[in-house]
Amino acid sequence: MSKGINTQAVLAMRGAGYYSERTAGARNVINDAGTMVIAALAQTPQTSQLRIADYGAADGGTSREMWDMVIGQHRASGDDRQIEMLYTDLASNDFSTLFRMMQGMQGDPTHAYQSRYENVFVHGCGTGFHQQLMADASLNLGFSATAMHYVSVKPMEIPTHVHAACADAESRAAYAKQAAQDWEHILLARAAELIPGGRFICLNFGIDEEGRYLGNTGGQHMFDHFHKFWLGLYEDGAITADEYKRASFAQYYRTMDEFCAPFNDPDSAVSKAGLTLKSCHSKLTKCPYEAAFLAAGGVGGTMSNMAYANSLIPTMRSWSETVFRTALEGRDETDISQIVDRFYDAYRDDVAANPVGHAMDYIHIILDIEKAA
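Below: a short report on this structure. (Residues numbered from 1 in each chain as written. Predicted model: local features only at pLDDT ≥ 70, side-chain atom pairs only at ≥ 80, totals over all residues. Heavy atoms only, no water.)

Some words on the packing of helix α3 (residues 34-43) against helix α4 (residues 61-76)
- Relative orientation of the contacting elements α3 and α4 amounts to 40°, with a least axis distance of 9 Å. Viewed along their axes, α3 and α4 adopt a mutual orientation that is oblique. Seen along the crossing, α3 lies across α4 with a hand that is right-handed. Residues G34, T35, V37, I38 and L41 of α3 form the contact with α4, whose own contacting residues are M66, W67, M69, V70, Q73 and H74.
- Considering only residue class, the contact of α3 with α4 consists of 7 nonpolar, 4 polar and no charged. (Axes fitted to C-alpha atoms, helices over the stretch in contact; angles between N-to-C directions. Helix = DSSP H or I, 4+ residues; strand = E, 2+ residues; numbered from the N terminus. Parallel < 35°, antiparallel > 145°, perpendicular 65-115°, else oblique. Left-handed = near helix turned anticlockwise from the far one by under 90°. Contact = heavy atoms within 4.5 Å. Nonpolar A, V, L, I, M, F, W, Y, C, P; charged D, E, K, R; others polar.)

Below, the structure is given as structure tokens:
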């Protein structure tokens, strides 16, 4: 992998269940993919046991309902094979919450499938998905949702924004190059892990055919607002120039062409490793928090503007906070928390003042990948 700013030791979704409790949109996307996962598993070769991996799973809460449905469907069909579930994320991830959730010890136990079905074994892997994580030809099905837009390293800090999707040409090109290298590494690692005929279902943040991406679907632009309020802290003297520059998201939203490129070239390392792309399409998922606000009548309705802002900002904070906290490393923890709270409070107050157009719609590029039998 290329040299750059390695953030994998510190990147993590907010822990203690905060992430999945406040990320209903990601859960909705995953639940909608359940039938796709069931169909893919049904088409994989019969093996004595099933090994499934959920890559970049955070605390496991957003995918738990879907896996409960998938495992329940298998058991209802008479499939009593032993199932090994491997959840992967970075070493900084809150795995303790994940294990408690799967056993029904935290959160709603309704979908705690590990306690509901026999011969289901849950494990965790605290290593990033940019490399091989399990033995060759041992995986029946891999799954990843809303995770593989993260690059393994930041090739540079973005000087005038916080995200590559809005960056200057030089910064965007650097992130595009890193993301292309990472995508090849990800696919080659999955090719090694999958059994012949195995499948990899991937729901990635990306840029769709209309140029839309997360938080930029026609209303207020989420990442521009992140930058506006972070820049405001610098202009007020609350953060230094270096801290302002360090708040670059270690993310890149690939286009559909960028996702498909390794599969379209028969001479690529990915094609030679035996991976083929069965399907690829984009999907827009509307922000459930905005939907609830509009259902309550929108501005002037039964939900106040501030109540809406207090529902929307935490879902943004659940995955973005680590970026801004990391940019402030070296400060006292109390100081960091006060600055980060001030940042998100500014965004909350902006939404409350004028909620129209503020939302976090999702844009996913959904890929179904197969390893040659």
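Thoughts on the nonpolar core
- Formed by 43 residues in total, the largest nonpolar core has its most connected members in M222, F226, W230, W319, F324 and M360.
- Within the residue set of this core, elements represented by two or more residues are β5 (194-207), α8 (222-235), α12 (288-295), α13 (305-327) and α14 (333-353).
- Looking at this core element by element, the count peaks at 9 residues for α13.
- Each residue touching W230, except ones within four places of it in the same chain, is listed here: I239, E243, Y244, A247, F324, A327, L328 and F343.
- Core analysis: the second largest hydrophobic core is formed by 32 residues, L50, I52, I83 and M101 among them. (Core = buried A, V, L, I, M, F, W, Y, C linked by side-chain atoms within 4.5 Å. Buried < 20%, exposed > 50% of the residue type's maximum accessible area, 1.4 Å probe, protein only.)

Re the packing of aromatic side chains
- Tallying each qualifying case throughout the model produces 26 aromatic pairs.
- Between F249 and F324 the ring centres are 5.8 Å apart and the planes differ by 80°, which places this aromatic pair in the edge-to-face class. Here F249, found in the loop between α9 (241-245) and β6 (254-255), pairs with F324, found in helix α13; they are 75 residues apart in sequence, far enough to count as distant. The two residues F249 and F324 agree in class, both being buried.
- Between F293 and Y308, the aromatic rings sit 4.4 Å apart at their centres with planes inclined by 10°, giving stacked as the arrangement. (Phe/Tyr/Trp six-rings, centres within 6.5 Å; stacked < 30°, edge-to-face > 60°.)

Some words on the environment of Y117
- Relative to the helices and strands, Y117 is located in the loop between α6 (113-116) and β3 (120-125).
- Sequence-wise, Y117 and E243 are 126 residues apart; in three dimensions their C-alpha atoms are separated by 48 Å.
- Residues contacting Y117, with those up to four places away along its chain left out, are D68, I71, G72 and R75.

Notes on the pattern of salt bridges
- This model, assessed by the stated rule, comprises 22 salt bridges.
- Here R212 ties to E210 by a salt bridge, and the two come within 3.6 Å at their closest N and O atoms.
- Given a relative accessible area of 61%, E210 falls into the exposed group.
- Close ionic contact of R331 with D335 constitutes a salt bridge, the shortest N to O distance being 2.5 Å.
- Within this structure, R317, E321, R325, E333 and D341 form a network of salt bridges that share partners. (Salt bridge = Lys/Arg side-chain N within 4 Å of Asp/Glu carboxyl O.)

Looking at the side chain of H221
- With respect to the secondary-structure elements, H221 resides in the loop between β5 and α8.
- A polar side-chain atom of H221 sits 3.1 Å from the main-chain amide nitrogen of D224. (Polar contact = N/O pair within 3.5 Å; in protein donor to acceptor, adjacent residues only side chain to side chain.)

Considerations on helix α7 (residues 169-193)
- In this model, α7 (25 residues) spans 36 Å end to end at C-alpha, consistent with the 36 Å of a helix rising 1.5 Å per residue.
- Its side-chain oxygen placed 3.3 Å from the backbone nitrogen of E170, D168 serves as the N-cap of α7. (Expected span 1.5 Å × (residues − 1).)

As for the packing of α8 against α14
- It is at 10 Å that the axes of α8 and α14 come closest, and there the two elements cross at 130°. Here α14 runs oblique to α8, going by the angle between their axes. Both α8 and α14 take part in a crossing whose hand is right-handed. Contacts between α8 and α14 involve M222, H225, F226, K228, F229, W230 and L233 from the first element and I339, R342, F343, Y344, A346, Y347 and D350 from the second.

Observations concerning the pairing of strand β1 (residues 50-55)
- Burial of β1 is extensive: 5 of the 6 residues sit out of reach of the surface.
- Sheet analysis places β1 next to strand β2 (residues 83-88), joined by 6 bridges and oriented parallel. Along β2, the bridge assignment pairs L50 with I83.
- Here 4 bridges tie β1 to strand β4 (residues 139-145), and the two strands are oriented parallel to one another. The partner of Y55 across the bridge, within β4, is S144. (Pairing = 2+ DSSP bridges.)

Focus: the environment of A40
- Looking at the element boundaries, A40 is found in helix α3.
- Sequence separation of A40 and A57 is 17 residues, and the distance between their C-alpha atoms is 19 Å.

Some details on unusual backbone geometry
- Despite not being glycine, A137 has its phi angle at roughly 50°, a positive value.
- In this structure, A137 sits in the loop between β3 and β4.
- On the accessibility criterion, A137 (41% relative accessible area) is partly exposed.
- Even without being glycine, T146 reaches a positive phi, approximately 55°.
- By the element assignment, T146 lies in the loop between β4 and α7.
- When its relative accessible area of 12% is taken as the criterion, T146 is described as buried.

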